Amino acid sequence: MNSKVRVRFAPSPTGPLHIGGVRTALYNYLFAKQNNGDFLLRIEDTDQTRFVPGAEEYIIESFKWLGLNFDEGVGVGGEYGPYKQSERKSIYKDYALLLVEKGKAYYAFDSAEELAEKRSEAEKNKTTFQYDCNTRQGLKNSLSLSKEETQRLIEEGEPFVIRFKFEQNEQIEFDDLIRGHISVNSSLLDDKVLYKSDGMPTYHLANIVDDHLMKISHVIRGEEWLPSCPLHVSLYRAFEWEAPLFAHLPLILKPDGKGKLSKRDGDRLGFPVFPLEWHDSKTNEISSGYRESGYLPEAVVNMLALLGWNDGTEQELFSLQELVEKFSIERISKHGAKFDMEKAKWFNHQYLQKLSNNSLAQGYQKELEAKGYEVSFDFVEKVVELVKERCSFAKELWQNSDYFFERPTQYEEKALKKRWKEGTSQRMNDIVAELNKIEDDALWGEKAEAFLMEYIPKNELNMGQIMNSIRLAIVGDTKGVNMVEIFKLLGKKESLERIQIASEKINL
Ligand code: GLU
């Protein structure tokens, strides 16, 4: 095996990157960093029909946002480039021909119509057609035709593909770092196309040639590639190259565990399945992204790391550095990991709390200015300090603290019914008159509370009822932080005016 750990993330630019792909990249990244290895980005764009403009840029921007930097590859460079398969086109043909020469692959001239015919014939007989060691002798290829005939067809420009030649009844064995030992009989496998008639390699050929030329030591990828792995292992053997080690990652499942998490689940249940928002230029459809939904990249990384891996303890919060230290392929689960939206929010909540009040306040002040509120930074920072704990996203600051910036315009109906009875307005006026006597200094909030703690029982009033009426008058709702804090931050004048206004407005 190559002594240096070199791993790659090899997406095809066919659309936005699913978070399953992001997790694959993350595991590759963690493994590389842990082993002082290299983490490469290779773009697999040999299938021109599936190419989507903007997808490559999207992939690069996603990883920039997530803070997962590539050591080599598209957008970075390196000594094994180019890293985009469409720019490596000329490399693959020679390798396909090399396999033909070695007797490990063959030319096939069957037209699409002829193959379709075979398929429908098989369907009629309730079987399926496969181009393999059992059928290839009866088809139009360099194994069934004479050497001269094959030569003639090639010279005449007859379109051909090059197919891999699986031997009959051979056991293909390899070890997967997650799945363990795997053994497949070659007679079951179809002779996959390696090189297409349009002069492009297929994924299988390009992937193996590039992994070899780029000295990839470990292939860590999604489980959906496991069925292709016997072919890949066979290709390495056919080329007489040393194969990398393979690790096939379990799927990220729908929240109910029934199948692979899809974009549609995200749309249906209201959570993003893509790192960044994606605008589909064909359908004009916009799919939400973690970034635009207010997630912090550190939270997304932490959440994804734990979808299919844990360190064997109860620990859930890991910095990227800690993940690099603790990650291990052995502890990756064999089973799919259910996506949990509430957990995703929980992670974001945790990471939001780690942000300084100052940095959150900077963003929040801008938002407030845009809403037309002119407030000192100091005030915004204090508000942030008080309500941050109630927020999972920075965008929730407003709903949790609007009352610090504007007086209630109305009183929440249910709370009003429950908390403002006949006589409440009168009682509030008395309380305002008493609170007015308190000195307006830094301690006014504490003093106001101390006064109420004495006043309420002395007048044989219900503590909860009075305090809640005050809150309703000041906040307009049942929500909000501790009353003393509200008194303090709003100040004596504003607090008392709000109570007075409520007493006037609510006529009972
Ligand atoms: N291009 C493949 C994909 O889109 C890469 C699979 C692999 O890592 O081998 O997932």
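Residues numbered from 1 in each chain as written. Predicted model: local features only at pLDDT ≥ 70, side-chain atom pairs only at ≥ 80, totals over all residues. Heavy atoms only, no water.

This paragraph deals with the overall build of the protein. Each helix and strand counted, the protein has 20 helices and 14 strands in total. In terms of C-alpha radius of gyration, the protein reaches 33 Å, well past the compact-globule figure of 23 Å for 508 residues. For the protein, the C-alpha atoms occupy an extent of roughly 110 × 50 × 40 Å along the three principal directions. By the burial criterion, 49% of the 508 residues in the protein qualify as buried. Within the protein, contacts between residues separated by at least 24 positions form 71% of all contacts whose residues are at least 6 apart in sequence. For the protein, the exposed surface amounts to about 24900 Å²; the carbon and sulfur share of it is 48%. Counting 68 positive and 82 negative side-chain charges, the protein places the averaged centre of each group 3 Å from the other. (Helix = DSSP H or I, 4+ residues; strand = E, 2+ residues; numbered from the N terminus. Rg over C-alpha atoms; globule rule 2.2 N^0.38 Å. Buried < 20%, exposed > 50% of the residue type's maximum accessible area, 1.4 Å probe, protein only. Contact = heavy atoms within 4.5 Å. Areas by Shrake-Rupley, 256 points an atom, 1.4 Å probe, with all protein chains shown as cover. Lys, Arg positive; Asp, Glu negative; His and termini not counted. Charge placed at Lys NZ, Arg CZ, Asp CG, Glu CD.)

This paragraph deals with the sheet that holds strand β5 (residues 161–164). Pairing is antiparallel across the open sheet formed by three strands, whose spatial order is β4-β5-β8. In the strand order of this sheet, the two ends are held by β4 (105–108) and β8 (193–195), each with one partner. Mean inter-strand twist for the sheet, computed between neighbouring axes without regard to direction, equals 45°. Pairing of β4 with β5 involves four bridges; the strand directions are antiparallel. Directly across from Ala 108, in β5, lies its bridge partner Val 161. (Pairing = 2+ DSSP bridges. Axes fitted to C-alpha atoms, helices over the stretch in contact; angles between N-to-C directions.)

Moving on to helix α1 (residues 19–34). Taking 1.5 Å per residue, 16 residues should reach 22 Å; α1 reaches 22 Å between its end C-alpha atoms and fits that length. Most of α1 sits inside the fold, with 14 of its 16 residues counted as buried. Backbone geometry just downstream of α1 places Asn 36 in the positive-phi region, at approximately 50°. (Expected span 1.5 Å × (residues − 1).)

A full pass over the atoms with the stated rule returns 32 aromatic pairs. The interplanar angle of 70° and the centroid separation of 5.5 Å between the aromatic rings of Tyr 95 and Trp 241 together place this pair among those described as edge-to-face. Of the two residues, Tyr 95 sits in helix α3 (residues 89–101) while Trp 241 sits in the loop between α7 (229–239) and β10 (245–249), which places them 146 residues apart along the sequence. Classification of Trp 241 by relative accessible area gives buried; the value is 16%. On the numbers, 6.3 Å between centres and 25° between planes, the contact of Trp 398 with Phe 405 is stacked. Looking at Phe 405, the relative accessible area reads 12%, which means it is buried. Put simply, the rings of Tyr 364, Tyr 373, Phe 379, Trp 398, Tyr 403, Phe 404 and Phe 405 pair up and form one aromatic cluster. Over the aromatic face of Tyr 131 sits the side chain of Arg 163, whose NZ or CZ is 3.8 Å from the ring centroid. Positioned above the aromatic ring of Phe 393 is the side chain of Lys 395, whose terminal nitrogen or guanidinium carbon lies 5.2 Å from the ring centre. (Phe/Tyr/Trp six-rings, centres within 6.5 Å; stacked < 30°, edge-to-face > 60°. Lys NZ or Arg CZ within 6 Å of the ring centre and 35° of its normal.)

Another aspect to go through is the site of the ligand. For the ligand, the full set of nearby residues is Arg 8, Ala 10, Ser 12, Glu 44, Tyr 203, Asn 207, Arg 221 and Trp 225. Between an oxygen atom of the ligand and a side-chain N or O atom of Asn 207, the distance comes to 3.1 Å. Contact with the protein chains hides 84% of the accessible area of the ligand, taken as 290 Å² for the molecule alone. The cavity that encloses the ligand is the largest pocket. (Near = heavy atom within 4 Å. Polar contact = N/O pair within 3.5 Å; in protein donor to acceptor, adjacent residues only side chain to side chain. 1 Å grid on protein atoms, 1.4 Å probe; cavity = no way out; pocket = protein on both sides within 12 Å on 5 of 7 lines; lining within 4 Å. Sits in = over half its atoms within 2 Å of the grid points.)

Turning next to the layout of surface pockets. As a volume, the largest pocket reaches approximately 1100 Å³. The greatest single-element share of the lining of the largest pocket, amounting to four residues, is contributed by α1. Tallied by class, the residues present in the lining of the largest pocket amount to 17 nonpolar, 12 polar and 11 charged. Lining the second largest pocket are 20 residues, with Leu 115, Arg 119, Val 161, Arg 163 and Val 193 sitting closest to its centre. Residue assignment for the lining of the second largest pocket shows that the elements contributing at least two residues are α4 (112–124) and β5. If one sorts the elements of the lining of the second largest pocket by residue count, α4 sits on top with three residues. (Points joined across faces, edges and corners; volume = space filled by probe spheres on them. Nonpolar A, V, L, I, M, F, W, Y, C, P; charged D, E, K, R; others polar.)

Once that is clear, we can look at the sheet that holds strand β3 (residues 72–73). On the basis of which strands lie adjacent, the open sheet formed by three strands has the order β1-β2-β3 and parallel pairing. Two strands bound the open sheet, and with one partner strand each, they are β1 (6–9) and β3. Examined bridge by bridge, β1 and strand β2 (residues 38–41) share four bridges and lie parallel to one another. Within β2, the position partnered with Phe 9 by the bridge is Leu 41.

Soluble, globular proteins show a tendency: their nonpolar side chains are buried together. Ranked by size, the top nonpolar core spans 146 residues in total, and within it Phe 63, Phe 339 and Phe 404 carry the most contacts. Per-element tally for this core: the top contributor is α1, with nine residues. With sequence-adjacent residues up to four places away left out, Phe 339 is seen in contact with Ile 19, Ile 252, Leu 253, Lys 254, Pro 255, Leu 261, Phe 271, Tyr 290, Met 303, Leu 307 and Ala 344. Core analysis: the second largest hydrophobic core is formed by seven residues, Ala 108, Leu 115, Val 161 and Val 193 among them. (Core = buried A, V, L, I, M, F, W, Y, C linked by side-chain atoms within 4.5 Å.)

With that settled, consider unusual backbone geometry. Cis rather than trans, the peptide bond between Gly 81 and Pro 82 has omega equal to -5°. Relative to the elements of secondary structure, Pro 82 occurs in the loop between β3 and α3. For Glu 240, which is not glycine, the phi dihedral falls at a positive 60°. Residue position: Glu 240 is located in the loop between α7 and β10. Unlike most non-glycine residues, Glu 460 shows phi in positive territory, near 55°. Topologically, Glu 460 is positioned in the loop between α17 (444–458) and α18 (463–475). According to the relative accessible area criterion, Glu 460 is exposed, its value standing at 73%.

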